[in-house]
Amino acid sequence: MSVTGVSGEERNDFTRAENKRLRARSMRLAGELVRPVRWQIAGSGLLIVLGTLGSVAGPALIALGIDQALPSLTSAGDWMPVILIASAYVGIGLLGGLFRSGYFRMAARISQRVIFHLRLRLFRQTQDLSMSFHEKYTSGRVIARQTSDLDTLREFLDSGIEDLVSGVLFMIFTATALIILDPQSMLPVLISFVPIFFFAWWFSNRSRKAFRSARVYSARLIVQFVETMTGIRAVKAFRRERHNETTYGVEVDNYRMANQTVIALFGIFDPGLKLVANLVMAIVLLLGALRVLDGTMEVGVLLAAVLYVRRIFDPVAELAFFYNGMQSAGSALEKISGVLEEEPTVPEPTHPVPLAAAAGALDFAHVSFHYVANRPVLPDLDLHIPAGQTVALVGTTGAGKSTLAKLLARFYDPSSGTVSLDGISLRDVSNDDLRRAVVMVTQEAYLFSGSVSENLRIGRPNATQAEVEAAARAVGAHDFILSLPEGYETDVNKRGGRLSSGQRQLLSFARAFLADPAVLILDEATASLDIPSERLVQRGLKTLLADRTAIIIAHRLSTVAIADRVLVMEHGHIIEDGAPADLIAGTGTFATLHRAWRDSLA
Ligand SMILES: Nc1ncnc2c1ncn2[C@@H]1O[C@H](COP(=O)(O)OP(=O)(O)O)[C@@H](O)[C@H]1O
Ligand SMILES: [Mg+2]
């Protein structure tokens, strides 16, 4: 199984122009996210400035204490200055701590709020996007957006920015304090910044590559995991477990190696930084000691200078890491903004034409449709289906039957021409009206977590229990529902509530009939039923289809018996159209098909 779900977006290999467009797109999203919290950001900025000032004041107070307060205590026995400075030290430390804790709490609240809104928005957008998006954007990628990308952003907001702001401020304030206190001690620090700069640059470059490949591998892991698990039946049926394990193992190993590289790089960078810092501290101490001997420097100032020098290097590692966090967050933002800016290809009309009570007349007028440019699936379709007619649509696999159904349910809009309901183009009907009027039942028969009742009510949330049971009875599902552990209240995803695919299909029938649409489309909806269940459904079908328009796509020709009209489709064209009896009596494709089918039953 190859990993097909990893697109250019996951690999980050873009041209310059594309990169520019992507950056603009991310910046737009970042702006939208920041705007509602800009005042909170300003407030937290003030808190961290005050907090950092507090923590930078410490060494200066110590210098003051040693050089001014201590002498007046030893020479004049005056305790006052010492007590004052000690209280100031404690007081300022306390205040600084309060401000810093306020800052961290506020920053956390801001980032949580931003992520919360983004998460909801991403969910809403992904769900609202048209079928064409979901068919090209694999579920693995959708999941990666909602999980690892959002997590990367959250991590960056949670610690990255906070560390950067407090780190940068700390360095600036500490350097300023040192310059005011003793400019000469700043000189070795300034000189050391040259090798540190190159060192950090090297680290960032190397680790960026490692981080980037770690991200690619982690995205691939998610994609492959999701692909394997959604296709678990095929995996089991074809004994692909060992093979998948091998390919997954390769990706896991790549991921491990990439992470290991990052850690190894950090293992060089962090001790290297400490070494430089210690060296600079030793030099400052040595030069200071000479000046103290000269009498040109006081001991307290030297102590404060050494303390400042030791602390000035603390945030350097954080800054280098921040740069990486920013890179990851940037690419996550790029990918998320890509989903957010995707336009629905089937947009809801701004001024919908109301569809009060749909009668159910359907029209295709010069409809052409293609999924992929230059490969028309429906070249030019004209078709009128009067309200209330039951139509059987048959034809070989790939003829375009499901495509026709998807156009009727407006999962897609035609490439040209118009599909209309009661004379109104589907493009002009609101989503609510359309979903009420047209319901499609497919082979998939998806059930959501929850009880049988809840699943049946999806098409009509306010249906009474009696109505729910009547619908279940009508399709022959009532008896098996009663035999479930908790009847209608059985959870369909819990043990004991698991249903066979035939039972699921009966439920999706009942769900559709409860919704009571003007137009009902059944696309191979009875394919998983055994012959007795299908008979049961068919008996129900006759009455249930009586007062609505129905399009039945079916392999088994037994369904055709209840149709008023049969359409035979081939290569996107309707090649036969007539009453079942007439077509069977004739010499066309349908007559041949029907004869073969009857012979197979004998
Ligand atoms: N999402 C899609 N993207 C591209 N091509 C598609 C898609 N769905 C169907 N097709 C193609 O359109 C043609 C008609 O498919 P479909 O309407 O599903 O046929 P049928 O239901 O009659 O078996 C086929 O050639 C199929 O490969
Ligand atoms: Mg089909």
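Residues numbered from 1 in each chain as written. Chains lettered and ligands numbered in written order. Predicted model: local features only at pLDDT ≥ 70, side-chain atom pairs only at ≥ 80, totals over all residues.

Peer 1: Give me the lowdown on the overall build of the protein chain, citing residues and values where you can.
Peer 2: For the protein chain, the helix and strand inventory stands at 20 helices and 10 strands. The C-alpha atoms of the protein chain give 36 Å as radius of gyration, which overshoots the globular expectation for 602 residues (25 Å, by more than 25%). Considering only C-alpha atoms, the protein chain reaches an extent of 125 × 50 × 45 Å along its principal axes. Intrachain contacts of the protein chain at a sequence separation of at least 6 include 79% that bridge at least 24 residues. (Helix = DSSP H or I, 4+ residues; strand = E, 2+ residues; numbered from the N terminus. Rg over C-alpha atoms; globule rule 2.2 N^0.38 Å. Contact = placed C-beta atoms within 7 Å.)

Peer 1: Pulling in residues and values, what's your account of the sheet that holds strand β2 (residues 375–385)?
Peer 2: Taken in spatial order, the 4 strands of this open sheet run β2-β1-β4-β5, and their pairing is antiparallel. The two strands at the open ends of the sheet, each matched to only one other strand, are β2 and β5 (424–425). Bridge analysis of strand β1 (residues 362–372) against β2 gives 7 bridges, and the strand direction is antiparallel. Residue pairing for β2: Val 367 is matched across the bridge by Leu 381. Helix α12 (residues 401–408) contacts β1, β2 and β4 (416–421) of the sheet and is inclined by roughly 115° relative to β1. (Pairing = 2+ DSSP bridges. Axes fitted to C-alpha atoms, helices over the stretch in contact; angles between N-to-C directions.)

Peer 1: I'd like a description of the domain arrangement of the protein chain, backed by residues and values.
Peer 2: The domains assigned to the protein chain are domain 1 (21–340) and domain 2 (362–601). Domain 1 and domain 2 are separated by 57 Å when their C-alpha centres are compared. (Domains from an automatic or database assignment.)

Peer 1: If you had to explain the site of ligand 1 to someone new, which residues and values would you point to?
Peer 2: Taken together, the residues surrounding ligand 1 are Glu 135, Tyr 371, Val 372, Val 377, Gly 395, Thr 397, Gly 398, Ala 399, Gly 400, Lys 401, Ser 402 and Thr 403. Those elements giving two or more residues to the shell around ligand 1 turn out to be β1 and α12. With 3 residues, α12 is the single largest residue contributor to the shell around ligand 1. Class assignment of the residues belonging to the shell around ligand 1 gives a composition of 4 nonpolar, 6 polar and 2 charged. (Near = placed C-beta within 6 Å. Nonpolar A, V, L, I, M, F, W, Y, C, P; charged D, E, K, R; others polar.)

Peer 1: Which residues make up the sheet that holds strand β8 (residues 549–553), and what are the values?
Peer 2: Taken in spatial order, the 6 strands line up as β6-β7-β8-β3-β9-β10 in an open sheet, and their pairing is mixed. Only two strands of the sheet have a single neighbouring strand rather than two, namely β6 (438–441) and β10 (573–578). For this sheet, the mean inter-axis angle between neighbouring strands, taken without regard to orientation, is 20°.

Peer 1: Residues and numbers for α12, please.
Peer 2: Burial runs high along α12: 7 of the 8 residues are buried. Where α12 is concerned, the buried positions are Lys 401, Ser 402, Thr 403, Leu 404, Ala 405, Leu 407 and Leu 408. Remark: Arg 410 follows α12 within two positions and exhibits a positive phi of approximately 55°. (Buried ≥ 20, exposed ≤ 12 C-beta atoms within 10 Å, placed from the backbone.)

Peer 1: Just give me the short version of the pairing of strand β7 (residues 519–523), but keep the residues and values in it.
Peer 2: Counted residue by residue, β7 has 5 buried out of 5 residues, so it is predominantly covered. Burial of β7 is two-sided: the residues Val 519, Ile 521 and Asp 523 facing one way and the residues Leu 520 and Leu 522 facing the other way are all buried. Bridge analysis of β6 against β7 gives 4 bridges, and the strand direction is parallel. Looking at the pairing, Val 441 lines up with Leu 522 of β7. With 5 bridges joining them, β7 and β8 adopt parallel strand pairing. Its bridge partner being in β8, Leu 520 is matched across the sheet by Ala 550.

Peer 1: Pulling in residues and values, what's your account of unusual backbone geometry?
Peer 2: Its identity is not glycine, yet Asp 422 carries a phi of approximately 50°, on the positive side. Positive phi values are uncommon outside glycine, yet Asp 516 reaches one of about 50°. As for its position among the elements, Asp 516 is in the loop between α17 (501–515) and β7. A count of 17 C-beta atoms within 10 Å places Asp 516 in the partly exposed class.

Peer 1: Describe the packing of helix α6 (residues 139–181) against helix α7 (residues 183–230), naming the residues involved and giving the relevant values.
Peer 2: The N-to-C vectors of α6 and α7 enclose an angle of 170°; their axes lie 11 Å apart at closest approach. Between α6 and α7, the crossing angle belongs to the class labelled roughly antiparallel. Seen from α6, the contacting residues are Ser 139, Gly 140, Arg 141, Ile 143, Ala 144, Ser 148, Ala 175, Leu 178 and Ile 179; seen from α7, they are Pro 183, Ser 185, Met 186, Ser 218, Ala 219, Ile 222, Val 223, Val 226, Glu 227 and Thr 230. Considering only residue class, the contact of α6 with α7 consists of 11 nonpolar, 6 polar and 2 charged. (Parallel < 35°, antiparallel > 145°, perpendicular 65-115°, else oblique.)

Peer 1: An account of the packing of α6 against helix α11 (residues 314–340) is requested, with residue identities and associated values reported.
Peer 2: Viewed as axis vectors pointing N to C, α6 and α11 meet at an angle of 145°, and their least axial separation amounts to 8 Å. As for the relative orientation of α6 and α11, their crossing is left-handed in sense. (Left-handed = near helix turned anticlockwise from the far one by under 90°.)

Peer 1: Which residues make up the environment of Gly 417, and what values do they have?
Peer 2: Tracing the backbone through its elements, the reader meets Gly 417 in strand β4. Residue Gly 417 is classed as partly exposed on the basis of its C-beta count, with 19 C-beta atoms lying within 10 Å. Contact partners of Gly 417, with chain neighbours within four places excluded, come to Phe 364, Ala 365, His 366, Val 367 and Ser 368.

Peer 1: Which residues make up the environment of Leu 601, and what are the values?
Peer 2: Looking at where Leu 601 falls in the secondary structure, it is placed in helix α20 (residues 589–601). Leu 601 sits 215 residues away from Pro 386 along the chain, and the two C-alpha atoms are 33 Å apart.

Peer 1: Outline the nonpolar core, listing residues and values.
Peer 2: Formed by 74 residues in total, the largest nonpolar core has its most connected members in Leu 393, Leu 408, Ala 510 and Ile 552. At 8 residues, α17 tops the list of elements feeding residues into this core. Counting residues in hydrophobic clusters, the runner-up holds 41 residues, among them Phe 203, Phe 211, Val 262 and Tyr 308. (Core = buried A, V, L, I, M, F, W, Y, C linked by C-beta atoms within 7 Å.)

Peer 1: Kindly report on the environment of Leu 340, identifying the contributing residues and their values.
Peer 2: With respect to the helices, strands and loops of the structure, Leu 340 is situated in helix α11. When the C-alpha atoms of Leu 340 and Val 82 are compared, they prove to be 61 Å apart, with 258 residues separating the residues in sequence. If we ignore the near neighbours within four places in the chain, the residues touching Leu 340 are Leu 29, Arg 121, Leu 122 and Gln 125.

Peer 1: Report on the confidence of the model for the protein chain, specifying residues and quantitative values.
Peer 2: With 97% of its residues at a pLDDT of 70 or more, the protein chain shows a mean pLDDT of 85. Between residues 1–11, whose pLDDT stays under 50, and residues either more than four places distant or in other chains, the model counts 23 contacts. (pLDDT = per-residue confidence, 0-100.)

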